[in-house]
Number of protein chains: 2
Amino acid sequence: MEYKSVKGTRDFLPLQMQKRNYIFDTIKQVYRNHGFLPIETPAMENLQTLMGKYGDEGDKLLFKILDSGNFLREEKTEEFVSRLQNGELNKATKMICEKGLRYDLTVPFARFVVNHQNDIVLPFKRYQIQPVWRADRPQKGRYREFYQCDADVIGSNSLMNEVELLQIIDEVFTLFGLPISIKLNNRKILAAFAQMLEKEDCLTDLTVAIDKLDKIGQQKVLEELKDKGFSEKDCNSDLPILNINGNNAEKIAQLHELIGNTEIGKQGLEELQYVLEKSKQADIKSIEVDLTLARGLNYYTGAIIEVKALDVEIGSITGGGRYDNLTGIFGMPGISGVGISFGADRIYDCLEEKNLFPENTGVLTSVLFINFGEEESNHALRLSGVLRKNGISCEIYPESVKMKKQMKYANDRKFPYVIMIGEEEIKNQKYVLKDMVSGEQFTLSTEEIIEKLK
Amino acid sequence: MEYKSVKGTRDFLPLQMQKRNYIFDTIKQVYRNHGFLPIETPAMENLQTLMGKYGDEGDKLLFKILDSGNFLREEKTEEFVSRLQNGELNKATKMICEKGLRYDLTVPFARFVVNHQNDIVLPFKRYQIQPVWRADRPQKGRYREFYQCDADVIGSNSLMNEVELLQIIDEVFTLFGLPISIKLNNRKILAAFAQMLEKEDCLTDLTVAIDKLDKIGQQKVLEELKDKGFSEKDCNSDLPILNINGNNAEKIAQLHELIGNTEIGKQGLEELQYVLEKSKQADIKSIEVDLTLARGLNYYTGAIIEVKALDVEIGSITGGGRYDNLTGIFGMPGISGVGISFGADRIYDCLEEKNLFPENTGVLTSVLFINFGEEESNHALRLSGVLRKNGISCEIYPESVKMKKQMKYANDRKFPYVIMIGEEEIKNQKYVLKDMVSGEQFTLSTEEIIEKLK
């Protein structure tokens, strides 16, 4: 029998872990520097918390956990079987499962806010870096377990929050050394266009369609809109929203002309301009107004943010926006917020492709002590303790086997340094330090070794 | 309807996260300093990987994940129902669940080693800090989701590995400032006693019974052994293993007399003495030979390690030992190892009780900028950027609301400093820094602020 990991999930080897931790630690550090506070929620939530929050498709993609013990009582069997036979899969599932694995970090966060409303101070800025699970069909680049790296500010309508999140994006990718473009839009502007077409109630159809402009082209977008009931006339002429061009200032000028006279359009434009102006003050570069940006879900109500890596074909690597009424689904209305989420897996691929992981990411331990026997290893025990106290990671090869085998281990593990302590070295209190890259050897005192390696 | 977290699981608020991260980071840092490498495995494993590894009781405590989509085909319904009716819960479960949540980190690690045998170098030293899940009845101090913090060395029989793990324990608790006693035993010594009683095949019964000596007392232990078929004679006399006293040297002297003439006893004693002697060389204090230490499971084959906090009533806070044949269950024989696991939840409680969390654990962000309006917040945007580049965490209050409300936020969030930038300050390029603890105010330049806060 072969034992494998679950399809669509991944083991992470040390070098991958090192690189992933570099990504998580960088994001975490920037979040913390901006006053965001860490929280964690459990992997499982009650299904009543999760179901109905992600649409029918999402409900199907929830991993459900079988109730423990006797999960189906005798007297319930008949009902269960008849539910199954009638294709009432959801109802049958609820009879044997009351818990599921979280699908994202937003819904558990909303539940968290409601449960802990007396323990938190508004505005509440939280970050949360944890895995989520989706019962998707596994395919290249799509996993059933993956990490999300979310930050949200809730309980404040100020657009300063949008600016801060843009700052965070700018700082994180500057630290990664990855050139990006930040796309910015505002849902209210899209709503104004829907209003112009007398299709306010079809805002979602409009945004879903134009979200695909990049992928399927203008002609197909117009066809899709026609299918959704937008008028022949509108769809046969060029839709103005698809033809706004130029730099940010030029786009905004055109927008003013087109939708500046509607209430919602004016409001959206004001928000957009405020965020752009403040971002300039905060010295954030590379923000581009992109009216095709809609981010599928009918979820955002104000700013919409998306990040693309320049010169890497990979789609969006970070996204976010403002939403109303985060916790309304859990009976606590009036809490709006704005948030972003870094796509760690795609960022990993970008940094790999562009060779941007720091050079020392591969170095996991600095020094290997070669083991020459009992007396020598006693000495190594003491010296290794001193090195560690000075922040130098090191280990002693656990067995005094042949030098060749120990050196092979040092090479395979990519130790940058090896220390050799034999009889002579113990007598002189000077030890042989070998630079494994250059091959050079030095005979040094404890202090000199620390000096060199620190 | 009330939405709550799943019973037996926990949300972690920022301050708790901060304290938990202090524990995890300390352990991680010491593991890394000793050359241990991080890995991670997925939350779910195939049930065939998990089942049968933790005994019948363990199998029951596995959380099983319902297969996605149509989890029970029509033609299987009858078989499923009849399995349920016959009480064949396991077989019925297997028909609708092929995956489960990991129960510990050891079995997934064994599966990992088998799957990645060509990617790792032996001896392989790995650490792994991840949550595990158990369908236990929730009760005080027992959770259905909790973190394990494991380190193991596999592929080396050298007792130097035991010494290194003891070093790690010593260093971690020294960093925590928590006084501990490290209990050390060796399974071979216990085996020698079983042999003496002509009960080699009842080693597990013997160890399970004497493991309880602390809790139930000598009389009850002897009664339990009698029940398990140990002879009246042996159980009515005082069992010698229960009457070995004194310091480590005295205990070893008595052991030599009692079991030094048996092959396995001699071997166990040699191992114990070697580890004690090397530990002395490594300057590890507070190791105590404890022959009642058996750690329940019939799993360890050599050293057995357990850590107790002095002056805190909480049971074992770290444990481990040497085992043979980690990966044999997955078809890869001959890999032995030795490992330890820190009990993060109990360590948390100890540090809390003894007030040992570092003083600054409560400080999550250093500076709040009071928001006085557009012009002023532009200035704050720039200054906050400079502070962050100097490693000082800070945030701007997002709205220019009343000073009182902003100061309340600063107090509630426990900011140690507040910076105020008004018209006057902008003109003079000197800003008001308020120390929130002492209440003092300083008027300082950017450089002076950095100097003071860094």
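Residues numbered from 1 in each chain as written. Chains lettered and ligands numbered in written order. Predicted model: local features only at pLDDT ≥ 70, side-chain atom pairs only at ≥ 80, totals over all residues. Heavy atoms only, no water.

Draft legend 1. Structural detail: the interface of chain B and chain A. Counting residues at the interface gives 104 residues for chain B, matched by 104 residues for chain A. Between chain B and chain A the total buried area reaches about 8900 Å² when both faces are included, carbon and sulfur atoms providing 59% of it. The tally of links between chain B and chain A comes to eight salt bridges. A salt bridge links Arg388 of chain A to Glu164 of chain B; the nearest nitrogen and oxygen atoms lie 3.6 Å apart. Inspection of the region where chain B meets chain A yields 44 residue pairs in polar contact (both at pLDDT 80 or more). Take the side of chain B that touches chain A: its biggest share by element is seven residues, from helix 15 (residues 374-389) of chain B. (Contact = heavy atoms within 4.5 Å. Buried area = accessible area lost by both parts, 1.4 Å probe. Salt bridge = Lys/Arg side-chain N within 4 Å of Asp/Glu carboxyl O. Polar contact = N/O pair within 3.5 Å; in protein donor to acceptor, adjacent residues only side chain to side chain. Helix = DSSP H or I, 4+ residues; strand = E, 2+ residues; numbered from the N terminus.)

Draft legend 2. Geometry of the relation of the copies chain B and chain A. Once chain B has been moved 0.0 Å along the axis and rotated by 180°, it coincides with chain A to within an RMSD of 0.1 Å. Look at the turn and shift together and you get a two-fold axis relating the two. It is Ile65 of chain B whose C-alpha, among those of chain B, lies nearest the rotation axis, at 2.2 Å. Taken as a fraction of all interface residues of chain B, those also at the interface in chain A reach 99%, which identifies the copy contact as same-surface. (Least-squares fit on C-alpha atoms with pLDDT ≥ 70 in both.)

Draft legend 3. Focus on the side chain of Asn46 of chain A. Structurally, Asn46 of chain A can be placed in strand 2 (residues 44-46). Residue Asn46 of chain A is classed as buried on the basis of its relative accessible area, which comes to 18%. Here Asn46 of chain A is in contact with Glu98 and Lys99 of chain A together with Lys4, Ser5 and Val6 of chain B, once residues within four sequence places are set aside. (Buried < 20%, exposed > 50% of the residue type's maximum accessible area, 1.4 Å probe, protein only.)

Draft legend 4. Quick look at the environment of Gln167 of chain A. In this fold, Gln167 of chain A is placed in helix 7 (residues 160-176). Judged by its relative accessible area of 4%, Gln167 of chain A is buried.

Draft legend 5. Local environment of the domain arrangement of chain A. The domain boundaries assigned to chain A delineate domain 1 (14-42 + 103-353) and domain 2 (363-453). Placing the centre of domain 1 of chain A and that of domain 2 of chain A at their C-alpha centroids yields a distance of 51 Å. (Domains from an automatic or database assignment.)

Draft legend 6. Highlighting the state of the cysteines. For the structure shown, the criterion picks out zero disulfides over all chains. The closest cysteine sulfur to the non-disulfide-bonded Cys149 of chain A is located on Cys350 of chain A, 14 Å from its own sulfur. (Disulfide = S-S within 2.5 Å.)

Draft legend 7. The arrangement of helix 18 (residues 446-453) of chain A in detail. All names here are of chain A. Among all positions in helix 18, only Thr446, Ile449, Ile450 and Leu453 are buried. Seen end-on, helix 18 carries its buried residues on one side only, within an arc spanning 100°. The outward face of helix 18, more than 90 degrees from its buried face, is lined by the exposed residues Glu447 and Glu451. Looking at the packing, one finds that the buried side of helix 18 touches strand 12 (367-370), helix 15 (374-389), strand 14 (417-420), strand 15 (431-435) and strand 16 (441-444). (Arc of directions from axis to C-beta.)

Draft legend 8. Structural context of the pairing of strand 12 of chain A. All names here are of chain A. Alternating residues of strand 12 divide into Val367 and Phe369 and Leu368 and Ile370, and every residue in both groups is buried. In the sheet, strand 12 pairs with strand 14 via four bridges, with the strands oriented parallel. Bridge assignment links Ile370 to a residue of strand 14, and that residue is Met420. As paired elements, strand 12 and strand 13 (residues 394-396) share three bridges and run parallel to each other. In the sheet register, Phe369 faces strand 13, and the bridge partner there is Ile396. Between strand 12 and its parallel partner strand 13, the chain crosses via helix 15, and the hand of that crossover is right-handed. (Pairing = 2+ DSSP bridges. Right-handed = clockwise from strand over helix to strand, strands pointing away.)

Draft legend 9. Structural detail: the sheet that holds strand 1 (residues 37-38) of chain B. Residues and elements named next belong to chain B. Sheet architecture is open: eight strands sit in the order 1-5-6-11-10-9-7-8, paired in mixed fashion. Lying at the two open borders of the sheet, with one neighbouring strand each, are strand 1 and strand 8 (287-289). Both strand 9 (residues 303-309) and strand 10 (residues 316-323) contribute to a ladder of five bridges, which runs antiparallel. When the bridges of strand 10 are listed, Ile304 appears paired with Gly321. Along the sheet, helix 7 (residues 160-176) makes contact with strand 5 (124-133), strand 6 (145-154), strand 7 (180-186), strand 8, strand 9, strand 10 and strand 11 (337-342), crossing strand 11 at roughly 15°. The strands touched by helix 14 (residues 344-353) within the sheet are strand 6, strand 9, strand 10 and strand 11, with strand 10 carrying the most contacts at an inclination of about 145°. (Axes fitted to C-alpha atoms, helices over the stretch in contact; angles between N-to-C directions.)

Draft legend 10. Focus on the sheet that holds strand 16 of chain A. Residues and elements named next belong to chain A. Taken in spatial order, the five strands make up an open sheet running 13-12-14-15-16, and their pairing is mixed. Each end of this open sheet is capped by a strand with a single partner; those strands are strand 13 and strand 16. Neighbour-to-neighbour, the strand axes of the sheet open up by a mean angle of 25°, direction not taken into account. Bridge count for strand 15 against strand 16 is four bridges, and the pairing is antiparallel. By the bridge assignment, Tyr431 is partnered in strand 16 with Leu444. Together, strand 12, strand 14, strand 15 and strand 16 form the strand contacts of helix 18, whose direction differs from that of strand 16 by roughly 130°.

Draft legend 11. Representation of the side chain of Asp104 of chain B in the model. Residues and elements named next belong to chain B. By secondary structure assignment, the location of Asp104 is in the loop between strand 4 (97-101) and helix 6 (106-115). Nearest to the buried, unbridged Asp104 among oppositely charged side chains is Arg134, at 5.3 Å. A polar contact of 3.2 Å, which involves the side chain of Asp104, links it to the backbone nitrogen of Thr106. Looking at Asp104, its side chain comes within polar contact range of the main-chain nitrogen of Val107, at 3.2 Å. In contact with Asp104, other than residues within four places in its own chain, are Tyr54, Val132, Arg134 and Gln148. (Lys, Arg positive; Asp, Glu negative; His and termini not counted.)

Draft legend 12. Geometry of the pattern of salt bridges. The final tally for this structure, using the stated rule, is 51 salt bridges over all chains. Where Arg10 of chain A meets Asp345 of chain A, a salt bridge forms, and the shortest distance between an N and an O atom there is 2.9 Å. One end of the pair, Arg10 of chain A, is in the segment before helix 1 (14-33); the other, Asp345 of chain A, is in helix 14 (residues 344-353), with 335 residues separating them in the sequence. Considered together, Arg10 of chain A and Asp345 of chain A belong to a single accessibility category, that of buried residues. The residue Lys408 of chain B makes a salt bridge to Asp412 of chain B at a minimum N-O spacing of 2.7 Å. Of this pair, Lys408 of chain B and Asp412 of chain B are both found in helix 16 (residues 403-412), four residues apart, which corresponds to roughly one turn of the helix.

Draft legend 13. Examining the packing of aromatic side chains more closely. Residue and element names in this part refer to chain A. Counted by the stated rule, this structure contains 35 aromatic pairs over all chains. An aromatic cluster of three or more residues is present, and its members are Tyr22, Tyr31, Phe36, Tyr127, Phe173, Phe176, Phe342, Tyr348 and Phe357. Over the ring of Tyr143 we find Arg10; its NZ or CZ atom is 3.4 Å from the centre of that ring. When the ring centre of Phe109 is taken as reference, the NZ or CZ atom of Arg126 above it lies at 3.9 Å. (Phe/Tyr/Trp six-rings, centres within 6.5 Å; stacked < 30°, edge-to-face > 60°. Lys NZ or Arg CZ within 6 Å of the ring centre and 35° of its normal.)

Draft legend 14. Geometry of the pairing of strand 4 of chain B. Residue and element names in this part refer to chain B. Within strand 4, four of the five residues are buried, leaving the element largely enclosed by the surrounding structure. Relative to strand 4, strand 2 (residues 44-46) runs antiparallel, the two being bridged by three bridges. Counted as the bridge partner of Asn46 is Lys99 from strand 4. In the sheet, strand 3 (residues 64-66) pairs with strand 4 via three bridges, with the strands oriented antiparallel. Note on strand 4: the bridge partner recorded for Ile65 is Lys99.

Draft legend 15. Examining unusual backbone geometry more closely. Residue and element names in this part refer to chain A. With an omega dihedral of -10°, the bond running from Leu122 to Pro123 counts as a cis peptide bond. Among the secondary structure elements, Pro123 is positioned in the loop between helix 6 (106-115) and strand 5 (124-133). Of note, the phi angle at Asp283 is positive, near 65°, even though the residue is not glycine. Tracing the sequence through the fold places Asp283 in the loop between helix 13 (263-281) and strand 8 (287-289).

Draft legend 16. Region of interest: the packing of helix 1 (residues 14-33) of chain B against helix 14 of chain B. All names here are of chain B. Relative to each other, helix 1 and helix 14 sit at 110°, their axes nearing to 10 Å. When the interaxial angle is binned, helix 1 and helix 14 end up roughly perpendicular. The hand of the helix 1/helix 14 crossing is right-handed. In this structure, helix 1 contributes Gln16, Lys19, Arg20, Tyr22, Ile23 and Phe24 to the contact, and helix 14 contributes Ala344, Asp345, Ile347, Tyr348, Leu351 and Glu352. Of the residues contributing to the contact of helix 1 with helix 14, the split by class is seven nonpolar, one polar and four charged. (Parallel < 35°, antiparallel > 145°, perpendicular 65-115°, else oblique. Left-handed = near helix turned anticlockwise from the far one by under 90°. Nonpolar A, V, L, I, M, F, W, Y, C, P; charged D, E, K, R; others polar.)

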